[in-house]
Amino acid sequence: MKKSGRDVEHWSGIAEEWIAWARTPGHDAFWAYRESLLGFIGRGTGLALDVGCGEGRVSRLLKECGYHVTATDPVGQLVAAAKEVRSADGYAVAPATELPFEGGSFDLVVACNVLMDVEDVPAVLEEIERVLRPSGTLMVSIVHPFVDRGHFAGSEPDATLVHRDSYFGRKRFEEAEESNGLTMNFAGWSQPLENYMAAFEKAGLAVISMREPVPEDGAGWRHSQRWRRFPLFLWLKAKPLPA
């Protein structure tokens, strides 16, 4: 993801939309998975890097887990928003392919719903592997590739999931979502799980754990019921392979 690439241009243009969308409790899917994500990341006391931090909600979660957190994003407006509410302990405006840190700097790197928003996933994972300590862990969340090409046939909770086109191949997507008076214009890349696994392999990262989380009861998210039938997210943990 280059600093002048269209992914960065998109997120720069909708930064205020995202800040409002992400900071409204119960509004975005994050709030229905927050406690499960907290448990999957786990407690720690080392150095953590939040790649693609956005407005900082995952950085705050990492601090809650006990980590000393550095937050990075290529969009300066988002880093400023994260800094304004003290989401992390340190901050940097940088693309995920050019992280301004020495090799082997972090015990934990988190890329939460980031890889589907970058054009060059292999390059991002190679850079993340570079800044991870040999004993470190990468935690990734992506929209589940199985449902990424689909849409629900209706608004009812038990509506059928219909796939728009082939699961295979790589495709750019742009779509808007409206809820409770807020609008969010999402954009990124849809691709099969095999593409992600090939990128992990190329970067020298071995997947050690996987979750298909179910939304939590009582989180106030209006889509929780339908996403108890299908996995919205795929969570992975990976470690660097021995040199």
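Anything mentioned here points back to the structure above.
Predicted model, so just to flag it, every value in this text is computed and none were measured. Counting restarts for each chain: residues are numbered from 1 in the order of the written sequence. Totals for whole chains, interfaces and linings use all residues, but because this is a predicted model, local features are given only for residues with pLDDT of at least 70 and pairs of side-chain atoms are given and counted only at 80 or more. Excluding hydrogens and water, the side-chain values take into account all heavy atoms of the structure.

Some remarks on the packing of aromatic side chains
Any pair of Phe, Tyr and Trp rings, taking the six-membered ring for Trp, is counted once the centres come within 6.5 Å. Such a pair is stacked with planes under 30 degrees apart, edge-to-face with planes over 60 apart, and tilted for the rest. Counted under the stated rule, the structure contains 10 aromatic pairs. Here the aromatic cluster, defined as three or more aromatic residues joined through ring pairs, consists of Tyr-33, Phe-40, Trp-221, Phe-233 and Trp-235. Seen from the ring of Trp-189, Arg-170 lies directly overhead, with NZ or CZ sitting 4.0 Å from the centre. In this structure, Lys-237 packs its charged tip against the face of Phe-40, placed 4.7 Å from the ring centre. Should the NZ of a Lys or the CZ of an Arg lie within 6 Å of a ring centre and within 35 degrees of the ring normal, that charge is described as sitting over the ring.

Some points on the nonpolar core
To define a nonpolar core, start from buried Ala, Val, Leu, Ile, Met, Phe, Trp, Tyr and Cys residues and group those joined through side-chain atoms within 4.5 Å. Any residue under 20% of the maximum accessible area for its type is buried, any over 50% is exposed, and the rest in between are partly exposed; the area is computed with a 1.4 Å probe on protein chains only. Ranked by size, the top nonpolar core spans 31 residues in total, and within it Tyr-33, Leu-37, Ile-41, Leu-62, Leu-108 and Met-139 carry the most contacts. For this core, the secondary-structure elements that each account for two or more residues are helix H3 (30-41), helix H4 (57-65), strand E2 (68-73), helix H5 (76-84), strand E4 (106-112) and strand E11 (233-240). Take this core: its biggest share by element is 7 residues, from H3. Whether two residues are in contact is decided by their heavy atoms, any of which lying within 4.5 Å being enough. The residues touching Leu-108, leaving out its near neighbours within four places in the chain, are Ile-41, Leu-47, Ala-48, Leu-49, Leu-62, Tyr-67, Leu-132, Thr-137 and Met-139. Segments assigned H or I by DSSP are reported as helices when at least four residues long, segments assigned E as strands when at least two residues long, and all are numbered from the N terminus.

Structural notes on the sheet that holds strand E1 (residues 47-51)
Pairing between two strands is assigned when DSSP locates at least 2 bridges connecting them. Taken in spatial order, the 7 strands line up as E3-E2-E1-E4-E5-E11-E10 in an open sheet, and their pairing is mixed. Unpaired on one side and paired on the other, strand E3 (90-93) and strand E10 (205-211) mark the two borders of the sheet. Strand-to-strand twist in this sheet, taken as the mean axis angle between neighbours without regard to direction, amounts to 20 degrees. In terms of strand pairing, E10 meets E11 through 6 bridges, oriented antiparallel. Bridge pairing in E11 links Leu-205 to Pro-240. Where helices are involved, their axes are fitted lines through C-alpha atoms of the stretch in contact, as for all axes, and angles between N-to-C directions lie from 0 to 180°. Running over the sheet, H3 touches E4, strand E5 (132-143), E10 and E11 and is turned about 15 degrees from E11. Packed on one face of the sheet, helix H6 (residues 121-131) meets E1, E4, E5, E10 and E11 and runs near 145 degrees to E5.

Some details on the side chain of His-10
Structurally, His-10 can be placed in helix H1 (residues 6-13). Polar contact is the term for a pair of N or O atoms within 3.5 Å; when the atoms are in protein, one must be able to donate a hydrogen and the other to accept it, and sequence-neighboring residues count only if both atoms are side-chain atoms. At 2.8 Å, the side chain of His-10 and the backbone oxygen of Asn-185 are in polar contact. With sequence-adjacent residues up to four places away left out, His-10 is seen in contact with Asn-185, Phe-186 and Ala-187.

Brief notes about the packing of H3 against H4
Packing of H3 against H4 brings their axes to within 10 Å, and their N-to-C directions diverge by 40 degrees. It follows from the interaxial angle that H3 and H4 lie oblique. In the crossing of H3 with H4, the sense of the turn from one axis to the other is right-handed. Facing Phe-30, Trp-31, Arg-34, Leu-37, Leu-38 and Ile-41 of H3, the residues of H4 in contact are Arg-57, Val-58, Leu-61, Leu-62, Glu-64 and Cys-65. Orientation is classified from the angle alone, with under 35 degrees giving roughly parallel, over 145 giving roughly antiparallel, 65 to 115 giving roughly perpendicular, and any other angle giving oblique. In this scheme the handedness of a crossing depends on how the near helix is turned from the far one: anticlockwise by less than a right angle means left-handed, clockwise means right-handed.

Details of the pairing of E3
Here E3 shows one buried face, formed by Gly-90 and Ala-92, and one open face, formed by Tyr-91 and Val-93. By the bridge criterion, 4 bridges tie E2 to E3 in an arrangement that is parallel. Looking at E3, one finds that Asp-73 is bridged to Val-93. Handedness of the crossover joining E2 and E3 through H5: right-handed. When the strands point away from the viewer and the connection leading from the first strand across the helix to the second strand turns clockwise, the crossover is called right-handed.

A look at H6
Along H6, the residues classified as buried are Val-121, Val-124, Leu-125, Glu-127, Ile-128 and Val-131. Taken down its axis, H6 places every buried residue within 160 degrees of arc, on the same side. Where H6 is buried, its residues meet E1, E4, E5, helix H8 (193-203) and E10. Two or three places before Ala-123, at the start of H6, stands the capping residue Asp-120, its side-chain oxygen 3.1 Å from that residue's backbone nitrogen. Directions drawn from the helix axis to the C-beta atoms are what define this arc.

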